[in-house]
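Single-letter residue listing:
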Amino acid sequence: YLPSSPRAAKAGIKVTNNTGSNIELNFGRDIFTGGGMNWTPDRTYLIGANTTQEITIAQGVLHENRPLGTWDNSRTRQAFPISYTEMDTTKLEIGVMDNTGTSWWTDVNDIEGSVTGITGGDKVYFLTSSIGGNGYEVYFGDNIVGKRPVHDSAIIANIFETAGRNGNGVADFATNVTGISVFTTTSIASGGSDRESIDSVRNNAPLFFQTQGRAVTARDLASTVRQDNSGLVSTAWGGEDNTPPQYGRVYLSAMGSGGEE
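All chains use their own residue numbering, which begins from 1 and follows the written sequence. The predicted nature of this model means local features are confined to residues of pLDDT at least 70 and side-chain atom pairs, given and counted, to a pLDDT of 80 or more, with totals for whole chains, interfaces and linings taken over all residues. Only hydrogens and water are removed before side-chain values are computed, so all heavy atoms of the structure are retained for them.

Sorry, what's going on with the sheet that holds strand E14 (residues 174-175) here?
Neighbouring strands of a sheet are bound in pairs by backbone hydrogen bonds; such pairs are parallel or else antiparallel. Read across the open sheet, the six strands follow the order E14-E3-E4-E6-E1-E15; overall the sheet is antiparallel. Each of the sheet's edge strands pairs with one partner strand only, and the pair in question is E14 and strand E15 (180-190). DSSP calls a pair of strands paired once it identifies at least 2 bridges connecting them. Think of it this way: any DSSP run of H or I at least four residues long counts as a helix, any run of E at least two long counts as a strand, and we number them from the N terminus. Pairing of strand E3 (residues 32-34) with E14 involves two bridges; the strand directions are antiparallel. Bridge pairing links Phe-32 to Thr-175 in E14.

Explain the environment of Arg-66 to me, please; I cannot follow it from the model alone.
Along the chain, the position of Arg-66 falls in strand E7 (residues 61-70). With relative accessibility at 34%, the residue Arg-66 sits in the partly exposed group. Sequence separation between Arg-66 and Ile-159 is 93 residues; the distance between their C-alpha atoms is 7.7 Å. When residues no more than four places from it in sequence are discounted, the contact partners of Arg-66 are Tyr-84, Ile-155, Ile-156, Ala-157 and Ile-159. For each residue, the accessible area found with a 1.4 Å probe, counting protein chains only, is set against the maximum for its type, and the residue is called buried under 20%, exposed over 50%, and partly exposed in between. Contact definition: two residues touch when any of their heavy atoms are within 4.5 Å.

How should I be thinking about the pairing of strand E6 (residues 52-59) in this particular structure?
A regular strand places its side chains so that they alternate between the two faces of the sheet. Relative to E6, strand E1 (residues 10-17) is paired through seven bridges, and the arrangement is antiparallel. What sits directly across from Val-15, in E6, is Gln-53. Relative to E6, strand E4 (residues 37-41) runs antiparallel, the two being bridged by three bridges. Looking at the pairing, Trp-39 lines up with Gln-59 of E6.

When you look at the environment of Leu-25 in this model, what are you seeing that I'm missing?
Locating Leu-25 in the fold gives a position in strand E2 (residues 23-25). The class for Leu-25 is buried, based on a relative accessible area of 0%. Once residues within four sequence positions are removed from consideration, Leu-25 is found in contact with Val-15, Asp-30, Phe-32, Pro-41, Arg-43, Thr-44, Tyr-45, Ile-47, Ile-55, Val-177 and Ile-180.

Is there a simple way to explain the confidence of the model for the chain in this structure?
Any segment with low pLDDT has predicted coordinates that should not be analysed in fine detail. The pLDDT value tells you how sure the predictor is about a given residue, anywhere from 0 up to 100. Here the chain shows a mean pLDDT of 82. Residues at 70 or above account for 77%. Within the model, the stretch residues 257-261 combines pLDDT values under 50 with 12 contacts to residues more than four positions away or in other chains.

How should the nonpolar core be read in this particular structure?
Grouped burial of nonpolar side chains is what soluble globular proteins tend to show. Working definition of a nonpolar core: buried Ala, Val, Leu, Ile, Met, Phe, Trp, Tyr and Cys residues. They are joined through side-chain atoms within 4.5 Å. Counting residues in each nonpolar core, the largest one holds 19 residues, and the members touching the most others are Ile-82, Leu-92, Ile-94, Val-138 and Phe-140. Looking at this core, the elements that each hand over two or more residues are strand E8 (80-82), strand E9 (93-97), strand E12 (136-139) and strand E13 (154-161). Of all the elements, E13 adds the most residues to this core, at three residues. Leave out the neighbours within four places in its chain, and Ile-82 touches Leu-68, Met-87, Leu-92, Gly-135, Tyr-136, Val-138 and Ile-159. Val-15, Met-37, Trp-39 and Ala-189 belong to the second-largest nonpolar core, a separate cluster that totals 18 residues.

Below is the structure:
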C-alpha cells in the first residue's frame, strides 16, 4: 500500500498570445501566479500567434534534475530516498544516466500497486514509503521484473512540489511569460489534496491488501478508488440495495476535496 501524496490543485484559464509568433508554454518552466502561490501549465501547450486558448495550470514548483544517488551493483537492494515530502507522486519522473552517456527517463505509469505485465526489459521504477512514513523511496527492478540500471549510473529526479489543498479556490491568475497574458479564468482551482493521514492509512491499507488489485465487491471498489485518487471521500454499494434492485452491478459515489462530484 502506497500512502497517497499531496495532489496539485488545477485550474482552467484562457491565455492570449499577444505576439505575431507561436509561443510554447512548458510544464514546470513557465510560471503563473495566483493566491500567493506558483502555478505552471500541466503539460506543453503551443499558443498560436495572436490567439486566445484555454489551458490547465497546476499549483506547484518543479525541481529538475535532483540527484538521488549512484547505482552500485555490489549492493543487493538499493533504495533512493526523496526528501521532498510535499511532492505530487503522480508527476514524479526518474532519470537513469549511465557511464556510457546513454540515459532513460520514466514516470510512475500507475505501477505503484501492481507489477502485472512488467518484463525484465521495461524501464520503470517503483515507489514505496520510506521508513518512518515521512517520505518516499525509489527502487528499480532486477532484470526479471523491471530493468536494472547499469553499474555507476546516476539516478536523478524531476520532483513537483505542491501545496495540496491550499491551492483550492484560487480564481485570479497572472503571468510574466513574455508575450502571454491571462484573459480569463474558466474554472476555479480544485482537486488539490494533502498527504494521506496516518488514520486514513490505518483504515485503507488493510482493505487495499485484501482486494489484491481486484474490485469484486463494493468494499473492494471503494478501497481501490481511494488508493488511485487522493483526497476522495467515497462510498460504494451493490445494486441489490437499490430501489428497485439492480442485480449484478456495483455503484460508486465520490466527492473530491474541492467539493466536486
